[in-house]
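Summary of the model geometry
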Amino acid sequence: MTTSHDSKHDSTGGAALARCTARTLTEFAEYWGRQALLSRASELGGTFDDLLDTAAVDELVSRRGLRTPFLRMAKEGSVLPAKQFTRGGGAGAGITDQVADDKVLGQLADGATLVLQGLHRTWPPLVRFGANLAAELGHPVQINAYITPSQNRGFAPHYDVHDVFVLQVSGRKHWRIHPPVVRDPLENQNWEKFRDEVAAQAEGAPLIDCVLEPGDALYLPRGTIHAAEALGETSIHLTVGIHPITRYQLVRNLLDRAQHDDALRESLPVGVDLGDPAVLGPHLTATIDALRGYLEQAGVDELARDVADRLAAQTRPEPIAPLAQLAAADAVQADTALRLRGALRFRTSEDAERIEITMLDRSLSLPLTAAPALKTVLSGEVFTPAELPELDADEQLVLARRLLRGGVLVPA
């Protein structure tokens with residue numbers, strides 16, 4: 001019999017949420033998904049220059065070779081065609097959509113907004129911050145930056161299908177916040193499907209009408225209608241998107257697993273008009289009864305595994321340097337300090353002979369004799385190979401090397 005459990009560790013620590021709101025996690029839970037929340041720099045006690053600044057924006061645009069969709073531009077509520085700020089990569093780069101810094105300059109000078117997308121994947125301070133925040137909240141995180149010239153509005157009133165923290169880095173921006181027209185929208189319920197309703201709602205009295213200054217932060221539940229305009233000078237803000245796991249996602253997982261139920265796979269009859277409600281009615285009743293029976297016996301363990309797999313696919317563990325990891329594996333000694341890779345999501349399972357560590361789309365298989373040592377490894381505490389229990393000295397080093405090469409461990 002195979003047993004398994006899901007685990008998540010983040011040994012890098014950090015109070016990421018405290019940078020986004022002046023509320024504790026328990027206090028913030030009262031706002032989560034329900035109510036917008038403004039936190040001023042005086043409450044948060046700092047700025048966001050360490051996460052991103054103007055020099056970082058210039059480096060990303062001019063030296064990092066970004067391609068779409070890692071950036072886009074917009075003006076007066078409309079997204080610009082990519083060809084207006086990108087071009088071919090030149091000799092040795094057979095691509096057509098690399099950022100062109102001179103074109104970006106021209107568009108910014110003409111009042112367009114620059115959006116740097118996926119910074120939780122490309123800019124080291126935000127890679128760390130995003131991983132820490134995802135670990136604290138328990139939901140996947142993405143981070144974009146919006147650079148808007150003075151007196152310009154990049155996007156028309158709209159809403160997002162994920163929750164958002166707005167972190168004002170530099171400049172000032174005037175925000176107007178309005179109630180949702182679709183509460184808790186799903187991914188396929190974007191604002192463009194309700195454009196007229198959103199525009200009408202944005203004409204009413206705002207819930208919040210404020211100017212964000214450097215160090216200020218704003219929380220917006222998904223569906224909250226918002227629009228912003230830069231004031232006085234170029235504004236830079238970070239949009240930290242939280243992609244919540246929803247109850248609807250649990251329903252989808254349950255239905256995916258319902259395909260294993262014989263009664264629910266049964267074909268509807270032939271020779272009848274299935275479009276006739278009188279004909280279809282009894283079969284719908286039978287289907288609902290079968291589904292109810294399946295749901296009543298559905299187990300939480302399998303569903304939790306589905307959720308854990310989704311979280312693993314949507315979150316990024318602590319970055320590792322491949323060459324440095326190989327060198328560390330070759331040089332590891334009995335007294336080398338090691339730790340679990342930060343924000344790593346994994347699952348362990350075992351049978352009579354082997355124990356397996358599964359990490360998204362790959363796994364490591366180890367002898368069952370390594371199970372006691374693996375408990376030390378996966379605890380999240382710093383340790384040395386010499387401290388791994390029930391293994392001799394050679395076995396301790398072999399295990400440490402395998403886990404370093406497998407991206408499970410990193411030097412402490």
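Residues numbered from 1 in each chain as written. Predicted model: local features only at pLDDT ≥ 70, side-chain atom pairs only at ≥ 80, totals over all residues. Heavy atoms only, no water.

Things to note about the pattern of salt bridges
Inclusion rule: Every case where a carboxyl oxygen of Asp or Glu lies within 4 Å of a side-chain nitrogen of Lys or Arg is listed as a salt bridge. In this text, helices come from DSSP runs of H or I with a minimum length of four residues, and strands from runs of E with a minimum of two, each type numbered from the N-terminal end. Type-normalised accessible area, obtained with a 1.4 Å probe on protein chains alone, sets the label of each residue: buried when under 20%, exposed when over 50%, and partly exposed for intermediate values.
By the definition in use, this model includes 16 salt bridges. We note a salt bridge from aspartate 110 to lysine 75, for which the minimum N-O separation is 2.8 Å. A residue pair is termed long-range when its members are at least 10 positions apart, and aspartate 110 in the loop between α4 (101-109) and β7 (113-116) and lysine 75 in strand β3 (residues 71-75) qualify at 35 residues. Residue classification places aspartate 110 among the partly exposed residues on the basis of a relative accessible area of 47%.

Looking at a nonpolar patch on the surface
Operational definition: Residues enter patches when their relative accessible area tops 30% and they take part in no salt bridge; the joining distance is 9 Å for like charges and 5 Å for the nonpolar side chains Val, Leu, Ile, Met, Phe, Trp and Tyr. Note on areas: Shrake-Rupley, 1.4 Å probe, and residue coverage restricted to the protein chains presented here.
On the surface, Leu268, Val272, Leu274, Leu280, Leu284 and Ile288 cluster together to form a nonpolar patch covering roughly 450 Å² of accessible area. With respect to the element layout, leucine 284 can be found in helix α10 (residues 277-297). The exposure class of leucine 284 is partly exposed, given its relative accessible area of 49%.

Some remarks on the pairing of β7
The two faces of the sheet receive side chains in turn, since in a regular strand these alternate between them. Where we set the bar: Only when DSSP finds a minimum of two bridges between them are two strands counted as paired.
Burial along β7 is two-sided: Thr113 and Val115 and Leu114 and Leu116, pointing in opposite directions, are all buried. Sheet analysis places β3 next to β7, joined by four bridges and oriented antiparallel. Bridging across to β7, arginine 72 finds its partner in valine 115. Where β7 lies against strand β8 (residues 141-148), three bridges are found, and the strand directions are antiparallel. Bridge pairing in β8 links valine 115 to tyrosine 146.

Some thoughts on the packing of aromatic side chains
What counts here: The aromatic pairing rule takes the rings of Phe, Tyr and Trp, using the six-membered ring of Trp, and pairs them if the centres are within 6.5 Å, calling planes under 30 degrees apart stacked, those over 60 edge-to-face and the rest tilted.
Scanning all chains against the criterion turns up six aromatic pairs. Seen from their ring centres, phenylalanine 28 and phenylalanine 165 are 5.4 Å apart, and the 35 degrees between their planes marks the pair as tilted. Of the two residues, phenylalanine 28 sits in helix α1 (residues 25-28) while phenylalanine 165 sits in strand β9 (residues 163-178), which places them 137 residues apart along the sequence. Ring geometry for phenylalanine 165 against tyrosine 219: centres 5.3 Å apart, planes inclined by 45 degrees, an arrangement best described as tilted. Note that phenylalanine 165 is positioned in strand β9 and tyrosine 219 in strand β11 (residues 217-220), a separation of 54 residues in sequence. Linked through ring pairs, Phe28, Trp32, Phe165 and Tyr219 together constitute an aromatic cluster.

Regarding the confidence of the model for the chain
Low pLDDT marks regions whose predicted coordinates should not be analysed in detail. Defined as follows: Residue-level confidence of the predictor is summarised by pLDDT, bounded by 0 at the bottom and 100 at the top. Whether two residues are in contact is decided by their heavy atoms, any of which lying within 4.5 Å being enough.
Scored by pLDDT, the chain comes out at a mean of 93, with 96% of its residues at no less than 70. A low-confidence stretch, residues 1-14 stays under pLDDT 50, and its non-local contacts, those more than four residues away or across chains, total 49 contacts.

Focus on the pairing of β8
Most of β8 is tucked away: seven of the eight residues are buried. By the bridge criterion, eight bridges tie β8 to strand β12 (residues 225-242) in an arrangement that is antiparallel. The residue of β12 that forms the bridge with threonine 148 is serine 235.

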